[in-house]
Amino acid sequence: MSAGSDLLAVDRLTLSYRVGAKKLRGLKDVSLELKRGRILAVVGESGSGKSTLGFAIPRLLPGNAEVEAGEVRFAGNDLTRLGERQMQAIRGARIAMVFQDPLSSLHPCMTIGQQMSDALRAHRRIGTRECRTLAVEMLTSVGLSDPDENFDRFPHQLSGGMRQRVMVATALLLRPDLLIADEPTSALDVVLQGQITELLSSFPKRFGTAILIVTHDLGIADGMADDILVLYAGEVMEYSDAPALISHPLHPYTEALLAVVPSRKDRGRPLPTIPGRVPSADEPIDGCAYAGRCAMTRSVCHGKRPGLTLVGERRARCHIHDPASGWHDAPAMPGSDGATA
Ligand code: ATP
Ligand code: MG
């Protein structure tokens, strides 16, 4: 969100999934910007559209996904309009991905070395020996033990943490400008989670890579991201620099997400939750998507969709921050905190 030109700019991206005769909500008017060497975290509950956004950028969505509007500008090109050949040249080389489960992303019958060499050869004409040198160099730089030996091993011979390091090394082989990591640590134990998060956080400085990390964990987002984008039911609820969002959330949904982060001082107490549920993907939403669960809801929230309001340099999709929305004059809903705001 800081000054300078953007490597990636998603502009009002709207897409849906077709399932039979139904059109399911995927993303609605999602905009974001990411500069070289910066880290943006996309957070939200399950089903909020985080992976949909991560996969939409390199156009890796399934065939039933349909972009209805918007642009994905990457290094001067609108990716929604590029031909498949041009996209193939960008994927892997300029935009790389790391997924949640390294075991299902690695081929079980091919050695680590074969898979890394294939990734290199898909974009560059290089010989076997050079592939090995480059791959072992990258395995070393992501902290994999015995890189030369592990180059010749099969995925099942490595632990989960080692496999995720291999995935990260493979993604970085071609020195991509942008790394999209979808829940890269959720299949790992907390110690490994910390190590992989630290490793990813070092890439902007070491390689100039920009990172878009998808996570349901605000703690991870807080620890590594420069900016955080909060998604809910496919919409951006809040988009802000990380320290401000964590210390002074603008949106009641961000506040609720922060309140449910487990803390050791709450030991022995039941884990807090956000009451209610995310609206289902085929449920029409007239007003604010979060209105049904929000403690600040007033009548206007159910009838009018809030715009993304600028609050300084931050953005929040909430009527509270728009003086013209009518929220401040609207009657509060019985029992809501909005009555006293
Ligand atoms: P999670 O935290 O569980 O990974 P998410 O935030 O990544 O969730 P998405 O996987 O992006 O959520 O899904 C967003 C919405 O789109 C959900 O309602 C989901 O059911 C729907 N969806 C995702 N993929 C498809 C698909 N191929 N066909 C139909 N609907 C889909
Ligand atoms: Mg997901």
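Higher on the page you've got the structure.
To keep things clear, this report deals only with the structure shown in the data block. (Residues numbered from 1 in each chain as written. Chains lettered and ligands numbered in written order. Predicted model: local features only at pLDDT ≥ 70, side-chain atom pairs only at ≥ 80, totals over all residues. Heavy atoms only, no water.)

### Side note on the sheet that holds strand 6 (residues 95-98)
Alright, step 1. Pairing is mixed across the open sheet formed by eight strands, whose spatial order is 6-7-8-3-9-10-12-11. Every interior strand has two partners, whereas the edge strands, strand 6 and strand 11 (309-311), have only one. Adjacent strand axes in the sheet meet at a mean angle of 20°, parallel and antiparallel pairs treated alike.
Alright, step 2. Across six bridges, the pairing between strand 9 (residues 227-232) and strand 10 (residues 235-241) is antiparallel. Bridge assignment links Leu 229 to a residue of strand 10, and that residue is Tyr 239.
Alright, step 3. In the packing of helix 11 (residues 252-259) onto the sheet, contacts are made with strand 3 (39-43), strand 9 and strand 10, and the angle to strand 9 comes to roughly 100°. (Pairing = 2+ DSSP bridges. Helix = DSSP H or I, 4+ residues; strand = E, 2+ residues; numbered from the N terminus. Axes fitted to C-alpha atoms, helices over the stretch in contact; angles between N-to-C directions. Contact = heavy atoms within 4.5 Å.)

### Here we look at empty space enclosed by the protein
Alright, step 1. Within this structure, the stated rule accounts for one cavity of 30 Å³ or more.
Alright, step 2. By volume, the largest cavity amounts to about 80 Å³.
Alright, step 3. Broken down by class, the residue content of the lining of the largest cavity amounts to nine nonpolar, three polar and no charged. (1 Å grid on protein atoms, 1.4 Å probe; cavity = no way out; pocket = protein on both sides within 12 Å on 5 of 7 lines; lining within 4 Å. Points joined across faces, edges and corners; volume = space filled by probe spheres on them. Nonpolar A, V, L, I, M, F, W, Y, C, P; charged D, E, K, R; others polar.)

### With respect to the site of ligand 1
Alright, step 1. Near ligand 1 lie 14 residues; those nearest to it are Ser 46, Gly 47, Lys 50, Ser 51 and Thr 52.
Alright, step 2. A distance of 2.8 Å separates an oxygen atom of ligand 1 from a polar atom in the backbone of Gly 47.
Alright, step 3. Between Lys 50 and ligand 1, the recorded distance is 2.8 Å, taken from a side-chain N or O atom to an oxygen atom.
Alright, step 4. Protein chains bury 66% of the 630 Å² of accessible surface belonging to ligand 1 in isolation.
Alright, step 5. Of all the secondary-structure elements, those providing two or more residues to the shell around ligand 1 are strand 1 (8-19) and helix 1 (50-56).
Alright, step 6. Considering every element that reaches the shell around ligand 1, the biggest residue donor is helix 1, with three residues.
Alright, step 7. Among the residues forming the shell around ligand 1, the class breakdown is five nonpolar, seven polar and two charged. (Near = heavy atom within 4 Å. Polar contact = N/O pair within 3.5 Å; in protein donor to acceptor, adjacent residues only side chain to side chain. Areas by Shrake-Rupley, 256 points an atom, 1.4 Å probe, with all protein chains shown as cover.)

### Quick word on the pattern of salt bridges
Alright, step 1. As enumerated under the stated definition, the model contains 22 salt bridges in all.
Alright, step 2. Here Arg 36 and Asp 177 are joined by a salt bridge, their closest N and O atoms 3.0 Å apart. Of this pair, Arg 36 sits in the loop between strand 2 (22-34) and strand 3 while Asp 177 sits in the loop between helix 7 (160-172) and strand 7 (178-182), placing them 141 residues apart in sequence.
Alright, step 3. We classify Arg 36 as partly exposed; its relative accessible area is 49%.
Alright, step 4. In this structure, the salt-bridge partner of Glu 84 is Arg 91, at a minimum N-O distance of 3.0 Å.
Alright, step 5. Residue class for Glu 84 comes out partly exposed when judged on its relative accessible area of 39%.
Alright, step 6. Taken together, the shared-partner salt bridges connect Arg 12, Asp 29, Glu 235, Arg 305 and Arg 317 into one network. (Salt bridge = Lys/Arg side-chain N within 4 Å of Asp/Glu carboxyl O. Buried < 20%, exposed > 50% of the residue type's maximum accessible area, 1.4 Å probe, protein only.)

### Concerning the nonpolar core
Alright, step 1. The biggest cluster of nonpolar side chains holds 63 residues, and the ones touching the most others in it are Leu 200, Phe 203 and Ile 228.
Alright, step 2. Ranked by size, the runner-up nonpolar core spans 31 residues in total, among them Leu 40, Phe 74, Met 87 and Val 214. (Core = buried A, V, L, I, M, F, W, Y, C linked by side-chain atoms within 4.5 Å.)

### Describing unusual backbone geometry
Alright, step 1. Within the chain, Asp 146 stands out as a residue other than glycine whose phi angle is a positive 40°.
Alright, step 2. Note that Asp 146 resides in the loop between helix 5 (128-141) and helix 6 (147-151).
Alright, step 3. With a phi close to 45°, Glu 183 is a non-glycine residue in the positive phi region.
Alright, step 4. Along the polypeptide, Glu 183 turns up in the loop between strand 7 and helix 8 (190-207).
Alright, step 5. The buried category is assigned to Glu 183, whose relative accessible area is 11%.

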